[in-house]
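# Report on the structure
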Amino acid sequence: MNPYILSTLLFGLGLGTTITFASSHWLLAWMGLEMNTLAIIPLMAQHHHPRAVEATTKYFLTQATGAAMLLFASTTNAWLTGQWDIQQMSHPLPITLITLALALKVGLAPLHSWLPEVLQGLDLTTGLILSTWQKLAPFALLIQIQPTNSTLLIALGLASTLVGGWGGLNQTQLRKILAYSSIAHLGWMVLVMQFSPSLTILTLLTYLIMTFSTFLVFKLNNSTNINALATSWAKAPALTSLTPLVLLSLGGLPPLTGFMPKWLILQELTKQDLATTATLAALTALLSLYFYLRLSYAMTLTMSPNNTAGTTPWRLPSLQTTMPLAISTTATLLLLPLTPAAVALLAL
């Protein structure tokens, strides 16, 4: 793609999210979300492949539906209460509608089925943008409206953690596995949103760091399915030994960064007398952990055929920059000792 066009699209992507962040009026927030969608569509369809075009079409239709629903709900709110302000949501009907519209936009279960299909049709770089940057604007709105319907949020959160774990079990395609991983993590964020919005933001940040390093690992290895991971020892032996730790951090095992948000969320849910919800969430995390372990096993404990095709990459230097990967991997593995600082910040 022409670098000028690419920079314009990336600028549009950044501007759309920034407008949504900065807006206090529903029309402006909607406009930011629309700019976001329109800026990423050419990026998704740039490899004129039927799958990419299909994924782009699916993405456009779901995002357009979510945006139309959001606009309808905010208009209904203005009609019922005379308010266009995001912070002044008081009527339960528009709040519920907006929560569902934003759930569709980020891919929370049971409105999730577009996400694995769309991610599977994209290359890893665009998939990374879709899994990280595109979640920010809808989440900012969700945190601002402070949905009062706690049953709806807990139902969405538990359904997402369950679907995110269950859906990834039988997958062989890495992008679909990452899509289900994304759904499960979003479920954890939504579970605790009404009790501690700052904890939701912390979980979102750790999710962004972990997902960033996972996508970059797969991009460096140029692997899109589980079988392709077996050749990674020849391409990057050091990275191959670190990747299982990155995946286990995504799964939320101590002493890695991914354990921090899960630990704090379970603690917060227990404080709110939701021990059953906390137990169910912890059990669904085991489902996700299974497929992360499966990926780790495929990457480090299975040997690919030791033929010329398998060992050639080892002799060829990689042309990709590895500094972002090094920084994000370090953050993915070593931030757990900062938990007391994070807890102190959350208490402010």
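Residues numbered from 1 in each chain as written. Predicted model: local features only at pLDDT ≥ 70, side-chain atom pairs only at ≥ 80, totals over all residues. Heavy atoms only, no water.

Look at helix α14 (residues 259–271) against helix α15 (residues 275–300): their axes get within 7 Å of each other, and the N-to-C directions meet at 155 degrees. Between α14 and α15, the interaxial angle falls into the category roughly antiparallel. Between α14 and α15 lies a crossing of left-handed hand. Two secondary-structure elements touch here, α14 through Lys262, Leu266, Leu269 and Thr270 and α15 through Ala275, Ala278, Ala282 and Ala285. Here the contact of α14 with α15 is built from residues that sort into 6 nonpolar, 1 polar and 1 charged. (Axes fitted to C-alpha atoms, helices over the stretch in contact; angles between N-to-C directions. Helix = DSSP H or I, 4+ residues; strand = E, 2+ residues; numbered from the N terminus. Parallel < 35°, antiparallel > 145°, perpendicular 65-115°, else oblique. Left-handed = near helix turned anticlockwise from the far one by under 90°. Contact = heavy atoms within 4.5 Å. Nonpolar A, V, L, I, M, F, W, Y, C, P; charged D, E, K, R; others polar.)

Judged by nonpolar contacts, the single largest core of 43 residues is most densely connected at Ile40, Tyr59, Val118, Leu130, Phe218 and Leu295. Each of domain 1 (1–122) and domain 2 (149–305 + 322–347) gives at least three residues to this core. Apart from the residues within four sequence positions on either side, tyrosine 59 is in contact with Thr37, Ile40, Ile41, Met44, Trp114, Val118, Leu130 and Gln134. Formed by 32 residues, the second largest nonpolar core is a distinct cluster that contains Leu136, Ile143, Met193 and Leu208. (Core = buried A, V, L, I, M, F, W, Y, C linked by side-chain atoms within 4.5 Å. Buried < 20%, exposed > 50% of the residue type's maximum accessible area, 1.4 Å probe, protein only. Domains from an automatic or database assignment.)

Turning to the domain arrangement of the chain, a few remarks are in order. As assigned here, the chain comprises domain 1 (1–122) and domain 2 (149–305 + 322–347). Distance from the C-alpha centre of domain 1 to the C-alpha centre of domain 2: 24 Å. Counting from both sides, the interface comprises 16 residues of domain 1 and, opposite them, 19 residues of domain 2. Taken together, both faces of the contact between domain 1 and domain 2 bury some 1400 Å²; the carbon and sulfur share is 73%. Three residues stand out in domain 1 for area buried against domain 2, namely Leu108, Ala109 and Gln120, and they jointly supply 36% of the buried area on that side. Note that glutamate 117 is salt-bridged to lysine 176, the shortest N-O span being 3.6 Å. Viewed at the interface, domain 2 and domain 1 are joined by 4 residue pairs in polar contact (both at pLDDT 80 or more). The residue inventory of the side of domain 1 that touches domain 2, partitioned by class, reads 10 nonpolar, 5 polar and 1 charged. (Buried area = accessible area lost by both parts, 1.4 Å probe. Salt bridge = Lys/Arg side-chain N within 4 Å of Asp/Glu carboxyl O. Polar contact = N/O pair within 3.5 Å; in protein donor to acceptor, adjacent residues only side chain to side chain.)

With that settled, the discussion passes to unusual backbone geometry. Here the bond from alanine 109 into proline 110 is cis, since omega is 5 degrees, no more than 30 degrees from zero. Along the chain, proline 110 turns up in the loop between α4 (92–106) and α5 (114–120). Cis geometry is adopted by the peptide bond preceding proline 255, which originates at proline 254 and carries an omega value of 0 degrees. In this fold, proline 255 is placed in the loop between α13 (237–251) and α14. One non-glycine residue with positive phi stands out, namely aspartate 273, at about 60 degrees. Along the chain, aspartate 273 turns up in the loop between α14 and α15.

We now examine α4. Between the first and last C-alpha of α4 there are 21 Å, a value that for 15 residues agrees with the 21 Å anticipated at 1.5 Å per step. Burial analysis of α4 places 11 of its 15 residues in the buried class, the great majority of the element. Among the residues of α4, those classed as buried are Pro94, Ile95, Leu97, Ile98, Thr99, Ala101, Leu102, Ala103, Leu104, Lys105 and Val106. For α4, the elements touching its buried residues are α2 (26–44), α3 (50–81), α5, α7 (133–145), α8 (150–167) and α9 (174–192). (Expected span 1.5 Å × (residues − 1).)

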